[in-house]
Amino acid sequence: MEPSISVDFKKMKHIVKRKGHTESFDARKIYASVFASCLVLRMKDEEAELIAHMVSDEVEKALKDVKQIEAHKIHKLVTQSLKKYNADASYIYDTHRDIS
């Protein structure tokens, strides 16, 4: 018998996307985007991982008590946080958005 997993959907964070739909917050997406932005600059994997971890942690802490937030506000939080660690990576992250 598998253990049951209880999920409190009232405590989950929801992101309002550009087209108006919502999805659950996933800090792994922030980590992956920041990591990719760092790699574009030919940063060593270890440094990129450290920066991605610090930025995703900062954003999660900033959103601790938030239940719903617009995607553009998360984008701004990530850009500002990343700029503290590497301004070039922040620029790459900010200007290379998915336009789909």
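Residues numbered from 1 in each chain as written. Predicted model: local features only at pLDDT ≥ 70, side-chain atom pairs only at ≥ 80, totals over all residues. Heavy atoms only, no water.

J.: If you had to explain the pattern of salt bridges to someone new, which residues and values would you point to?
T.: Summed over the entire model, instances satisfying the criterion amount to five salt bridges. For Lys-29, the salt bridge goes to Glu-23, with nearest N and O atoms at 2.7 Å. Among the charged side chains, a salt-bridge network with shared partners connects Lys-17, Glu-23 and Lys-29. (Salt bridge = Lys/Arg side-chain N within 4 Å of Asp/Glu carboxyl O.)

J.: Requested: an account of the environment of Ile-69, with residues and values cited.
T.: One can find Ile-69 in strand β3 (residues 68-70). Along the sequence, Ile-69 and Thr-22 sit 47 residues apart, while their C-alpha atoms lie 9.4 Å from each other. Ile-69 has contacts with His-14, Ile-15, Val-16, Leu-63 and Ile-74, leaving out every residue within four places of it along the chain. (Helix = DSSP H or I, 4+ residues; strand = E, 2+ residues; numbered from the N terminus. Contact = heavy atoms within 4.5 Å.)

J.: Requested: an account of the sheet that holds strand β2 (residues 22-24), with residues and values cited.
T.: Adjacent strands of a sheet pair through backbone hydrogen bonds, lying either parallel or antiparallel. Spatial ordering of the open sheet is given by β2-β1-β3, a layout of three strands whose pairing is mixed. Unpaired on one side and paired on the other, β2 and β3 mark the two borders of the sheet. Neighbour to neighbour, the strand axes of the sheet diverge by 30 degrees on average, direction disregarded. Bridge count for strand β1 (residues 14-16) against β3 is three bridges, and the pairing is parallel. Counted as the bridge partner of Ile-15 is Ile-69 from β3. Against the sheet, helix α3 (residues 71-85) contacts β1 and β3, and its axis sits at roughly 80 degrees relative to β3. (Pairing = 2+ DSSP bridges. Axes fitted to C-alpha atoms, helices over the stretch in contact; angles between N-to-C directions.)

J.: Any chance you could break down the packing of aromatic side chains for me, citing the residues and the numbers?
T.: In the structure shown here, the tally under the stated rule is one aromatic pair. For the ring pair Tyr-31 and Phe-35, a centre distance of 6.2 Å and an interplane angle of 10 degrees mean the geometry is stacked. Residue Tyr-31 and its partner Phe-35 are located together in helix α1 (residues 27-40), separated by four residues, close to a single helical turn. The class of Tyr-31 is partly exposed, set by a relative accessible area of 27%. (Phe/Tyr/Trp six-rings, centres within 6.5 Å; stacked < 30°, edge-to-face > 60°. Buried < 20%, exposed > 50% of the residue type's maximum accessible area, 1.4 Å probe, protein only.)

J.: Give a description of helix α4 (residues 87-95) that names residues and reports values.
T.: By the burial criterion, the buried members of α4 are Ala-89, Ser-90, Ile-92 and Tyr-93. One side of α4 holds all its buried residues, which, seen down the axis, span an arc of 160 degrees. Exposed residues on α4 whose side chains face more than 90 degrees from its buried face are Asp-88 and Tyr-91. Residues of α4 that are buried sit in contact with α1 and α3. Backbone nitrogen of Asp-88 and a side-chain oxygen of the N-cap are separated by 3.1 Å at the start of α4; the cap is Asn-86. (Arc of directions from axis to C-beta. Polar contact = N/O pair within 3.5 Å; in protein donor to acceptor, adjacent residues only side chain to side chain.)

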